[in-house]
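Remarks on the overall topology
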Amino acid sequence: MSEVIFGIDFGTTNSALAVNVNSHVRVVDVDPFNEAGSTLKSVLYFDPEEKAFFVGQEAIDNYIENDGYGRFMQSIKAFLPDESFHSTEIRGKYYKLDDLIAIILKRLKSEGEKYIDTMVDSVVLGRPVFFSEDKNKDKLAEERLKSAARKAGFKDIHMQYEPIAAALSYESSLSSGEEKIIFIGDFGGGTSDFTVMKIKGGQEKRENDDRQNILSLNGVYIGGDTFDSRVMREKIAVHFGKDVSIKAFMDDYSVGFPKILIRNLCQWHLIPQLRLPKTLQSIREMKMRADKPELLENLINLIEDNYGYMLFQAIEKNKIELSSQSASQIVFEGLKQKIEEDVTRNEFEEIIDNDIKEIAKCVETTLADASLSPQDVDGVFLTGGSSYIVCLKQYFEELFGKEKINQTDAFTSVGYGLGLEGSSYL
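First, a word on what this report is: a plain description of the structure on this page. Since the model is a prediction, treat every value here as computed from it, not as a measurement.

The rules behind these values
Residue indices follow the written sequence of each chain, beginning from 1 at its first position. pLDDT decides what is reported in this predicted model: residues at 70 or higher carry local features, side-chain atom pairs at 80 or more are listed and counted, and totals for whole chains, interfaces and linings draw on all residues regardless. Just so you know, side-chain values use all the structure's heavy atoms and leave hydrogens and water out. A run of H or I in DSSP becomes a helix once it reaches four residues, and a run of E becomes a strand once it reaches two; helices and strands are each numbered from the N terminus. With the radius of gyration taken over C-alpha atoms, the globule rule is written as 2.2 Å times the number of residues to the power 0.38. We call two residues contacting when some pair of their heavy atoms lies within 4.5 Å. Note on areas: Shrake-Rupley, 1.4 Å probe, and residue coverage restricted to the protein chains presented here. Residues scored as positive are Lys and Arg, those scored as negative are Asp and Glu, and His as well as the terminal groups of each chain are ignored. To locate a charge, the coordinates of NZ of Lys, CZ of Arg, CG of Asp or CD of Glu are taken. Throughout this description, the term nonpolar core refers to a set of buried Ala, Val, Leu, Ile, Met, Phe, Trp, Tyr and Cys residues connected via side-chain atoms within 4.5 Å. Buried residues are those whose accessible area, probed at 1.4 Å on protein chains only, stays under 20% of the maximum for their type, while exposed residues exceed 50% and partly exposed ones sit between those limits. We define a salt bridge as a contact between a side-chain nitrogen of Lys or Arg and a carboxyl oxygen of Asp or Glu at a distance within 4 Å. For patches, a residue must show more than 30% relative accessible area and have no salt bridge; joins then use 9 Å for like charges and 5 Å for nonpolar side chains, namely Val, Leu, Ile, Met, Phe, Trp and Tyr. Two strands pair under a simple rule: DSSP has to find at least two bridges between them. Any helix carries an expected span of 1.5 Å times its number of residues minus one. Orientation is described by axes fitted as lines to C-alpha atoms, over the contacting stretch for helices, and by angles from 0 to 180 degrees between their N-to-C directions. Oblique is the label for any angle not under 35 degrees, not over 145, and not in the 65 to 115 range, which are roughly parallel, roughly antiparallel and roughly perpendicular in turn. The sense of a crossing depends on the near helix, which, turned anticlockwise from the far helix by less than a right angle, makes the crossing left-handed and, turned clockwise, makes it right-handed. Throughout, the ten residues Ala, Val, Leu, Ile, Met, Phe, Trp, Tyr, Cys and Pro are labelled nonpolar, Asp, Glu, Lys and Arg are labelled charged, and all others, Gly among them, are labelled polar. When two rings of Phe, Tyr or Trp (its six-membered ring) have centres within 6.5 Å they constitute a pair, described as stacked for plane angles under 30 degrees, edge-to-face for angles over 60, and tilted for the intermediate range. Look at NZ for Lys and CZ for Arg. If either is within 6 Å of the ring centre and within 35 degrees of the ring normal, a charge sits over the ring.

Focus: the overall build of the chain
Along the backbone of the chain there are 13 helices and 20 strands. Relative to the compact-globule value of 22 Å for 426 residues, the chain shows a C-alpha radius of gyration of 22 Å, a close match. Principal axes of the C-alpha set define a box for the chain whose edges measure 75 × 50 × 40 Å. Long-range contacts, defined as pairs at least 24 residues apart, comprise 68% of the intrachain contacts of the chain with a sequence gap of at least 6. Element-wise, carbon and sulfur atoms account for 46% of the exposed surface of the chain, whose accessible area totals about 19,500 Å². Averaging the coordinates of the 50 positive side-chain charges in the chain and doing the same for the 70 negative ones gives two points 4 Å apart.

Below, the structure is given as structure tokens:
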């Protein structure tokens, strides 16, 4: 068996890599173009001129430098359970979903191999508790992820739930022999996953079957992208025609902007679907009959110039700032019209209130499935970018007690835990 194995957290927004050499684990900086370095943005950019492709921050930089021309792809993980996604054409070549994901995994593999100066073909991949509530779609998603890993050059492939990996990361901080029952909240871009688990410090090797220590697993399809989508709908979409009235063709009444187009506009990975010639032509025709045609002109420019990613980056920046300050402003200058929208923390919390309530229900169900009360839990480990949202963190503090909350390495703890899991296969 190999003495080296990788742990890869392939995320909707960011990906991380841990290297396990003889059960010694370290998170590796995987993106030299990213100032943070420890994570790789899960994005791809295909340059139309040079016929090259880029990954991570380099993809973003080239995409912006080329004024949005070319093919930019993000939130690829979100399509794993999508049965309708067969392939996409880029510069005359067809790519299946696992082909696209393989490009990202291959970059992570390459960076890890450079770090330890040896080839590695063994990996532990993270996966959410549910890719989909549909068992067939969930199975499809896992098979596609494994296929992508094989195409990236891995031969020995293992899977582990992301919140369990986070639990293993937390376990590594315990003293030898120390036992705890912990609650893990892993907040990703597309899902929020939870587990209750018994852990014990000082274990150099994991048992291959650790299920007896898992008291419950659960998850909900709400993540960081969900919150960004809510803000887009409530604060920004109005600048792109959400509330326009459109005079019916050859009739004397008006209708609103189609809901299906608003849905695509408010999810950053679906905005490229608005570029379909038939859809874009329909928007142009609606512009001619709209009461505020300049707003639909904004939408057309957003679509044609491929500014969706940069717009959502501005929204995400606002969300991050609201974790440390009471008010912030969304500023976007990619169009002829500069957009400036003030958002207070209270306003943001009202916008995402229903989502927080759904998360709370899932947390309560996870505890009930483990037959535990909050008082029975010894510690709480929150990981992922959205774990810093103030009202979400306050919910956990009120439920479990502030003294039980642990929140470190929010973006790499899952990757580190997957690396620890690798010791089971060495």
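Back to the text.
A word on the nonpolar core
Counting residues in each nonpolar core, the largest one holds 74 residues, and the members touching the most others are Phe-183, Phe-240 and Phe-396. Contact partners of Phe-240, with chain neighbours within four places excluded, come to Met-232, Leu-265, Leu-295, Leu-296, Asn-298, Leu-299, Leu-302, Leu-311, Leu-335 and Ile-339. Membership of the second largest hydrophobic core comes to 40 residues, among which are Leu-44, Phe-85, Leu-125 and Ile-157.

A look at the pattern of salt bridges
Throughout the structure, instances matching the rule amount to 20 salt bridges. In this structure, Asp-228 and Lys-319 form a salt bridge, with 3.1 Å as the shortest nitrogen-oxygen distance. Taken together, the residues span a long stretch of sequence, with Asp-228 in helix α5 (residues 224-236) and Lys-319 in helix α9 (residues 308-321) at a distance of 91 residues. With respect to class, Asp-228 is no different from Lys-319; both count as buried. Across the salt bridge formed by Glu-358 and Lys-361, the nearest N and O atoms sit 3.5 Å from each other. Within this pair, Glu-358 and its partner Lys-361 are both found in helix α11 (residues 353-369), separated by 3 residues, close to a single helical turn. Accessibility expressed as a relative area gives 37% for Glu-358, which makes it partly exposed. Shared partners join several salt bridges into a network, and the residues in it are Arg-127, Asp-138, Glu-142 and Lys-146.

Thoughts on a negative patch on the surface
Taken together, the side chains of Glu-49, Glu-50, Asp-61, Glu-65 and Asp-67 define an acidic patch exposed on the protein surface. When you line up the elements, Glu-50 lands in the loop between β5 (44-46) and β6 (53-55).

Here we look at the pairing of strand β17 (residues 327-332)
Covered by surrounding structure in β17 are Ser-328, Ile-330 and Phe-332 only, the residues Ala-327, Gln-329 and Val-331 on the alternate face being uncovered. The sheet contact formed by β17 and strand β18 (residues 339-344) spans 6 bridges and is antiparallel. Looking at the pairing, Gln-329 lines up with Asp-342 of β18. Where β17 folds back onto β18 in an antiparallel hairpin, the turn is made up of 6 residues.

Notes on the side chain of Lys-404
Within the secondary structure layout, Lys-404 lies in the loop between α12 (390-400) and β20 (405-406). For the buried residue Lys-404, which engages in no salt bridge, the nearest side chain bearing the opposite charge is Glu-403, 5.5 Å off. Once you skip the residues sitting within four places of it in the chain, Lys-404 turns out to touch Pro-374, Gln-375, Val-377, Asp-378, Gly-379 and Val-380.

Some details on helix α8 (residues 293-304)
Taking 1.5 Å of rise per residue, 12 residues should cover 16 Å, and α8 covers 16 Å from first to last C-alpha, within 8% of that figure. Listed as buried for α8 are Leu-295, Leu-296, Asn-298, Leu-299, Ile-300, Asn-301, Leu-302 and Ile-303. Where α8 terminates, the next one or two residues include Asn-306, which has phi positive at roughly 60 degrees.

Thoughts on the sheet that holds strand β7 (residues 71-73)
Strand pairing within a sheet occurs via backbone hydrogen bonds; the two strands may be parallel or antiparallel. Strand order in the open sheet formed by 3 strands is β6-β5-β7, and the pairing between neighbours is antiparallel. Here the strands that pair on one side only, and so sit at the sheet edges, are β6 and β7. Adjacent strand axes in the sheet meet at a mean angle of 15 degrees when their direction is disregarded. Sheet strands touched by helix α1 (residues 57-65): β5, β6 and β7. Its angle to β6, the strand with the most contacts, is close to 130 degrees. Here helix α2 (residues 97-116) sits on the sheet and contacts β5, β6 and β7; the angle it forms with β5, its principal contact strand, is near 110 degrees.

Overview of the packing of α2 against helix α3 (residues 135-151)
Closest axis-to-axis distance for the α2/α3 pair is 8 Å, and the angle between their directions is 55 degrees. Judged on the interaxial angle alone, α3 and α2 are oblique. The hand of the α2/α3 crossing is right-handed. Contact residues: α2 offers Leu-97, Asp-98, Asp-99, Ile-101, Ala-102 and Leu-105, while α3 offers Arg-144, Leu-145, Ser-147, Ala-148, Ala-149 and Lys-151. When grouped by side-chain class, the residues that make up the contact of α2 with α3 number 7 nonpolar, 1 polar and 4 charged.

A few points about the packing of aromatic side chains
Taken as a whole and assessed by the stated rule, the structure comprises 17 aromatic pairs. Between the aromatic rings of Tyr-307 and Phe-332, the centroid separation amounts to 6.2 Å while the plane-to-plane angle is 75 degrees, which identifies the pairing as edge-to-face. Here Tyr-307, found in the loop between α8 and α9, pairs with Phe-332, found in strand β17; they are 25 residues apart in sequence, far enough to count as distant. Note on accessibility: Tyr-307 and Phe-332 belong to one class, buried. Each member of the aromatic cluster is reached from another via a ring pair, and the members are Phe-183, Phe-187, Phe-194, Tyr-395, Phe-396 and Phe-400. Here Lys-109 stacks its cationic end above the ring of Phe-154, 5.6 Å away from the centre of that ring.

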